Amino acid sequence: MTTLSLAEIVNTACKLKSKKEKVEYLQKNNSKPLRNILKLTYDKSLEFNIPNTEPPYTPSEMPDSHGMLYRESRKLKYFVVGFGGDNINKIRREALFIQMLETVDKDDAELLVKMIAKKPFKGLTKAVVNEAFPDLIPD
């Protein structure tokens, strides 16, 4: 069985009809990288130290980039104010983000671009995320 990419999990959850189905689906596919991406997308108290617009990057065509975001997600802290990346040179930090976008699957890269824009996923509300993962996102 192939591991679902984080983008596949989020996109599938968005398409499910009921709140109950979405919550159960997210819980079934629970992982730290998934919770981190949802938290960084919906938590207004967390701020990125990179521009919130899509940077110029070349989407990955590598077939083995599928699922790569699970491993790459540990680097997300470098792009959040106060979590370890503040002392990295701005240009270096932005280059690291572009490198991440070019390493992961193209759908996961789109997920990351929406995340830095703090753009909620259509069909997935903060309430659904908090029901799936209680106390993940403060009010």
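The shown structure was predicted, so the numbers you read here are calculated from the model rather than taken from an experiment.

Asks: Got a sec to walk through the packing of aromatic side chains? Specific residues and values, please.
Replies: For any two aromatic rings, the description comes down to two numbers: the centre-to-centre distance and the angle of the planes. A complete count under the given rule lists two aromatic pairs for this structure. Residues Tyr42 and Phe121 carry aromatic rings whose centres are separated by 6.1 Å and whose planes lie at 65 degrees to one another, so their mutual orientation is edge-to-face. Placement of the pair is Tyr42 in helix α3 (residues 32–42) and Phe121 in the loop between α6 (106–116) and α7 (126–132), with a sequence separation of 79 residues. Pair check on accessibility: Tyr42 and Phe121 agree, each one buried. On the basis of an interplanar angle of 75 degrees and a centroid distance of 5.2 Å, the ring pair of Phe79 and Phe97 is categorised as edge-to-face. Residue Phe79 is found in the loop between α4 (69–72) and α5 (90–103), and its partner Phe97 is found in helix α5; the two are separated by 18 residues along the sequence.

So, how was this worked out
- Residues numbered from 1 in each chain as written.
- Predicted model: local features only at pLDDT ≥ 70, side-chain atom pairs only at ≥ 80, totals over all residues.
- Heavy atoms only, no water.
- Phe/Tyr/Trp six-rings, centres within 6.5 Å; stacked < 30°, edge-to-face > 60°.
- Helix = DSSP H or I, 4+ residues; strand = E, 2+ residues; numbered from the N terminus.
- Buried < 20%, exposed > 50% of the residue type's maximum accessible area, 1.4 Å probe, protein only.

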